[in-house]
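Descriptive structure summary
Here's the letter readout for the chains.
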Amino acid sequence: GARPLAITNCLNFGNPEKPDIMGQFVGCIEGMAEACRALDFPVVSGNVSFYNETKGHAFFPAPPRGGVGLIKDFKNAATLAFKAEAEILVLIGETKGWHIAFLMLGMPGLLLSALMLLVPEPPRRGEGVHAPSPPFPVLFAHLARHWQAYVGISLGFALMILVGNATGAWIPAFLERKFGLTTAQIGGLYGTITAVCGVSGTLIGGFAASALRRRGIARGNLYAALFGFISLIPVTILFPQMPTAALSLALIGAMNFLAGFNFGGGLAALQEITPNRMRASVSAGYMLIVNLIGAAGGPFAIALVTDYWYGDPQALPAAITLVCAIASPLSVAALLLGMRGYGRAIAASADAVLPA
């Protein structure tokens, strides 16, 4: 409701000697001019900044504007804060497809959370139900005795999850930059591959680990994971270098299958070598390591290599390959270290008695 008085601007663009950049600049000026004429909004000042780019790549156009106006009663001015209770909030626009997708993905999580209230407490074995959790010195002493198993398994799975999160976060951008796929195409193809291959890999990996355990192989969980880890090395390194989108997507499908194949082995193995009253603390520590190294470190590592090692957004495929070529073999080495101490740890845990 205010009367426009004046407007200023600060126009930031890349190299105007490039036709596409000059087109952005001209379009911006024409759009601002049309809006100011329609609103009777005089432009009183402004500035222009060109050549905003890094190694030949311009940043996105940034034309911020600032305007002032006059309103007779400031109490009638519109602000972000609500003025009173029970005010009506008007939403302008329509719900997009991706909005619905997020809602659909979130609803099952709420349902599963509610269903967990119906899951009974599992029976306790070994110690009394009311036995207290051990103090931290006892916990740390147990971890130190079996450090190879805990460090190796935790670090191995953290590094493999680093690879999974790194590739998962950057695959959409990779498919767009290298093969020119649209967002809709990427969503349809990559989403289907992840759903089918990831779920099937998780189920088959779990069945394989259980089958090995039924055959009396104590390291069944870790052998299944080791198969997935080793198989992932060539797949994660090669998929960014494929010459066609079809070949790259085929390897991405194999990668999702193998990543799901070893999904639950790490935490299951740690639970087996951990006394009952330490399992919550060990699980929390495992999840902390996995999230710090894997979930946070993976996407950041590829961004760091792309921007500071190669210095070129178009080098994303090479950055993915480099990160995977380092992290995937390291995950296998760490898991082998964990398996070395796993046998001794699981034998010792069977006879472990915690102090009161």
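See the structure shown above.
None of the values given here were measured: they were computed from a predicted structure. (Residues numbered from 1 in each chain as written. Predicted model: local features only at pLDDT ≥ 70, side-chain atom pairs only at ≥ 80, totals over all residues. Heavy atoms only, no water.)

The subject of this paragraph is the overall build of the protein chain. On a plain count of helices and strands, the protein chain comes out with ten helices and five strands. Taking the principal axes of its C-alpha atoms as reference, the protein chain extends roughly 85 × 55 × 35 Å. Counting the 356 residues in the protein chain, one finds 32% classified as buried. When contacts within the protein chain are restricted to residue pairs at least 6 apart in sequence, those whose partners lie at least 24 apart make up 80%. (Helix = DSSP H or I, 4+ residues; strand = E, 2+ residues; numbered from the N terminus. Buried < 20%, exposed > 50% of the residue type's maximum accessible area, 1.4 Å probe, protein only. Contact = heavy atoms within 4.5 Å.)

Take the environment of A246 next. In this fold, A246 is placed in helix 7 (residues 245-261). Taking C-alpha positions, A246 is 9.9 Å from F179, a pair spaced 67 residues apart along the chain.

What follows deals with helix 5 (residues 183-214). Taking 1.5 Å per residue as the helical rise, helix 5 with its 32 residues ought to reach 46 Å, and the 45 Å between its terminal C-alpha atoms agrees with that figure. Listing the buried residues of helix 5 in full gives I186, Y190, I193, C197, G198, G201, G205 and A209. Turning to helix 5, the residues buried within the fold contact helix 4 (147-179), helix 6 (220-238) and helix 7. Downstream of helix 5 by a residue or two, G216 has a phi angle that is positive, lying close to 85°. (Expected span 1.5 Å × (residues − 1).)

Pairs can form between side chains of opposite charge whenever their charged atoms are close. Scanning all chains against the criterion turns up one salt bridge. Here K18 ties to E53 by a salt bridge, and the two come within 3.6 Å at their closest N and O atoms. One end of the pair, K18, is in the loop between strand 1 (3-12) and helix 1 (19-39); the other, E53, is in strand 3 (residues 53-54), and 35 residues separate them in sequence. Residue classification places K18 among the partly exposed positions, given a relative accessible area of 28%. (Salt bridge = Lys/Arg side-chain N within 4 Å of Asp/Glu carboxyl O.)

Quick look at the side chain of T321 now. In this structure, T321 sits in helix 10 (residues 316-350). There is a polar contact of 2.8 Å between the side chain of T321 and the side chain of Q241. Not counting the four nearest positions on each side in its chain, T321 is found in contact with I237, P240 and Q241. (Polar contact = N/O pair within 3.5 Å; in protein donor to acceptor, adjacent residues only side chain to side chain.)

Here we take up the nonpolar core. Soluble globular proteins tend to pack their nonpolar side chains together in the buried interior. In terms of nonpolar packing, the biggest core is built from 50 residues, with F157, L222, I252 and L335 touching the most fellow members. Put simply, the parts of the chain that give this core at least two residues each are helix 4, helix 5, helix 6, helix 7, helix 8 (265-272), helix 9 (279-310) and helix 10. The dominant element in this core, judged by the number of residues it contributes, is helix 4, at 13 residues. Residues F13, F25, C28 and M32 belong to the second largest nonpolar core, which totals six residues. (Core = buried A, V, L, I, M, F, W, Y, C linked by side-chain atoms within 4.5 Å.)

So, about the packing of helix 4 against helix 9. A pair of packed helices is characterised by two quantities: the angle between their axes and the separation of those axes. For the pair helix 4 and helix 9, interaxial distance at closest approach is 7 Å and the crossing angle is 40°. Two packed elements cross with a definite hand, and for helix 4 against helix 9 that hand is right-handed. Here the residues of the contact of helix 4 with helix 9 are counted per class, giving 19 nonpolar, six polar and no charged. (Axes fitted to C-alpha atoms, helices over the stretch in contact; angles between N-to-C directions. Left-handed = near helix turned anticlockwise from the far one by under 90°. Nonpolar A, V, L, I, M, F, W, Y, C, P; charged D, E, K, R; others polar.)

The tally for this structure, following the rule as stated, stands at eight aromatic pairs. Ring centres of F13 and F25 lie 5.4 Å apart, and the angle between their planes is 80°; this geometry places the pair in the edge-to-face category. Remark: F25 occurs in helix 1 and F13 occurs in the loop between strand 1 and helix 1; sequence separation between them is twelve residues. Classification of F25 as buried rests on a relative accessible area of 13%. Aromatic side chains F257 and F261 sit 6.2 Å apart centroid to centroid with 40° between the ring planes, which places their arrangement in the tilted category. Taken together, the residues span about one helical turn, with F257 and F261 both in helix 7 at a distance of four residues. In this structure F261 comes out as buried when scored by relative accessible area, which is 11%. Connected via pairs of aromatic rings, a cluster forms that spans F13, F25 and F50. (Phe/Tyr/Trp six-rings, centres within 6.5 Å; stacked < 30°, edge-to-face > 60°.)

Next up on the list: the environment of Q241. Structurally, the position occupied by Q241 is in the loop between helix 6 and helix 7. Between the C-alpha atom of Q241 and that of I320, which follows or precedes it by 79 residues, the distance is 9.5 Å. Not counting residues up to four positions away in its chain, the partners in contact with Q241 are K178, P317, A318 and T321.

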